[in-house]
Amino acid sequence: MTFDNNIITEQTSFIKKFLFLILVLFMGKGCNFFIDLDPRVNIVGTLLVLVPMVHVMLREKPHSMKNSKFYVFLLAYIAWLVYHIFTDEAYPTYQGIRILSLFIFGFITARYYGCHIAEYFEYFVVRLTILALILWSVEVAIGPATMGGFAPFENRMHIYCKSFGLFSVVTKFDPSEYFLGIPRNSGFCWEAGQFASMIVLALTFHLLRTKKKFYKKKSFWILLAGLITTFSTTGFVTFGVLLLFKTVFGKVSFGKRIAYIAVLGTLYMFTMDLPFMREKMEAQSDITEFYTNSDNVWIDETGHRTVQRFEGMYLSWMNFMDSPWLGFGPNRDNSLVSKQFPMFIISNGNINPLAMLGLLLGLPLFILFYRGSCRLNQYLGDDKKYIIFMIFIFFSVSYNYLFDIIPLAMAFLSFDNQYEKEIC
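In this text the structure is predicted, and so the values were computed from the model without any measurement. (Residues numbered from 1 in each chain as written. Predicted model: local features only at pLDDT ≥ 70, side-chain atom pairs only at ≥ 80, totals over all residues. Heavy atoms only, no water.)

Describing the nonpolar core
It is characteristic of soluble globular proteins that their nonpolar side chains tend to be buried jointly.
Right, on to step 1. Grouped together as the largest cluster of nonpolar side chains are 106 residues, with contacts concentrated most on Val 24, Phe 103, Phe 121 and Phe 412.
Right, on to step 2. The residues touching Phe 121, leaving out its near neighbours within four places in the chain, are Phe 20, Val 24, Met 27, Met 198, Leu 201, Ala 202, Phe 205 and Ile 406.
Right, on to step 3. Counting 7 residues, the second largest nonpolar core, distinct from the first, contains Leu 315, Val 337, Met 343 and Ile 346. (Core = buried A, V, L, I, M, F, W, Y, C linked by side-chain atoms within 4.5 Å. Buried < 20%, exposed > 50% of the residue type's maximum accessible area, 1.4 Å probe, protein only. Contact = heavy atoms within 4.5 Å.)

Remarks on the confidence of the model for the protein chain
Right, on to step 1. This prediction gives the protein chain a mean pLDDT of 85; 82% of its residues lie at or above 70.
Right, on to step 2. Predicted confidence for residues 281-286 stays below pLDDT 50, and this span has 11 contacts to residues more than four positions away or in other chains. (pLDDT = per-residue confidence, 0-100.)

Regarding the side chain of His 158
Right, on to step 1. Locating His 158 in the fold gives a position in the loop between α6 (144-150) and β1 (161-163).
Right, on to step 2. Of the residues examined, His 158 reaches a relative accessible area of 17% and is grouped as buried.
Right, on to step 3. For His 158, the residues in contact, after removing those within four places along its chain, are Val 170 and Trp 190. (Helix = DSSP H or I, 4+ residues; strand = E, 2+ residues; numbered from the N terminus.)

Notes on empty space enclosed by the protein
Right, on to step 1. Summed over all chains, the structure comprises 2 cavities of 30 Å³ or more.
Right, on to step 2. Every residue along the wall of the largest cavity is listed here: Phe 26, Lys 29, Ile 35, Asp 36, Leu 37, Arg 98, Leu 102, Phe 403, Asp 404 and Ile 405.
Right, on to step 3. Its residues placed into classes, the lining of the largest cavity shows 6 nonpolar, no polar and 4 charged. (1 Å grid on protein atoms, 1.4 Å probe; cavity = no way out; pocket = protein on both sides within 12 Å on 5 of 7 lines; lining within 4 Å. Points joined across faces, edges and corners; volume = space filled by probe spheres on them. Nonpolar A, V, L, I, M, F, W, Y, C, P; charged D, E, K, R; others polar.)

Quick look at the packing of aromatic side chains
Right, on to step 1. Taken as a whole, this structure holds 27 aromatic pairs when the rule is applied.
Right, on to step 2. With 5.4 Å between their ring centres and 35° between their planes, Phe 20 and Tyr 120 make a pair best called tilted. Here Phe 20 is found in helix α1 (residues 14-28), whereas its partner Tyr 120 is found in helix α5 (residues 117-142), with 100 residues between them in sequence. Side by side, Phe 20 and Tyr 120 carry an identical accessibility label, which is buried.
Right, on to step 3. Three or more aromatic residues joined by ring pairs form one cluster here, namely Phe 70, Tyr 71, Phe 73, Tyr 77, Trp 80, Phe 103, Phe 107, Phe 412 and Phe 415.
Right, on to step 4. Sitting over the ring of Tyr 113, Lys 16 keeps its end group 5.1 Å from the ring centre.
Right, on to step 5. Across from the ring centre of Tyr 123, 3.8 Å away, lies the NZ or CZ of Arg 127, which sits over that ring. (Phe/Tyr/Trp six-rings, centres within 6.5 Å; stacked < 30°, edge-to-face > 60°. Lys NZ or Arg CZ within 6 Å of the ring centre and 35° of its normal.)

Observations concerning the side chain of Asp 36
Right, on to step 1. Topologically, Asp 36 is positioned in the loop between α1 and α2 (43-59).
Right, on to step 2. A polar atom in the side chain of Asp 36 sits 3.2 Å from the side chain of Arg 98.
Right, on to step 3. For Asp 36, the side chain forms a polar contact with the side chain of Arg 156, separated by 2.4 Å.
Right, on to step 4. Dropping the residues within four chain positions of it, Asp 36 is found in contact with Phe 26, Asn 42, Thr 46, Tyr 94, Arg 98 and Arg 156. (Polar contact = N/O pair within 3.5 Å; in protein donor to acceptor, adjacent residues only side chain to side chain.)

Shown next, in the form of structure tokens:
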């Protein structure tokens, strides 16, 4: 068994690695420095992105991109934003400019990292997971409250989340944050489920890159150990889907396929009996337990309440049907649900982006992401071009990553000239 220190196959500089590490941390949103790229409230985090990004643009060689196609997409977005500026009740300019900047940063990232995005992502998530396993062990030993007392940073997305910058601790006891009295591992993210999703994405890149020898690498077992300590329903289900695609639906003999089915079936029955799997999924899919069907709709300490997965998709669908073509716009206060339930936050990344952007802009963005993920699949040498896209859609049931720089960069790989062959 070997530890793969040569994941990144291109010659790279320290600054280029550092920039990608910061982008990974922004995707995890573990503390206030890694939540918003807004110099008015987060000058430190903004500079941590902008300074190395400018350095990379000045010093590194870019990939050949179809810039004109990106400009067309950008013009379509600006037209959409102008429409909402003149028609929306709640002013959407700040939110719209923020999304515009993310599109630009995503394109720059795609241009300077290309399909090596997968390698950089796996490289850093593996190393951050090693750190998370070490610090999580300390957390289990001394308790989350004590551990959180040493953490110097806050997280406005979760008032009980304390951060060391590269590792987060949830200090308030909540049954959903524990398994058999053991706290869940949040890693460098603001919440354990989000950490699990990013681990599964790294596992996807790892399995595609290493083919049938994935289990011989220490990186695989490190990521798997990290995933287990999250006790995440989303992470476990998505990882199960990944294994299904790579084994039962892979190019294997009939005997191996039967063996894989037996092993995965056994694992399925075992994991579904865990309290954070079957019970949690049944509770969250029970319509009678939706906040919108309850008389006990209240605002918690942060002033908002994040609805659960299935209710979130239901509410996103309501928003989508209210304005299917151009969406409710950059400011969620203009959505139908926000007008009725201003305390609700919807976190899913599958229907919610379509509800916000509408079909005319949202569908092209999803198509771009599909085509970009196909290019990553081709680069990693896998014949099933849809795997990365499917895995992304599965954990998007819980988390909206589509407006983070790295996923946007994956979408804009559609404009990379490296592959002339039509692959999607």
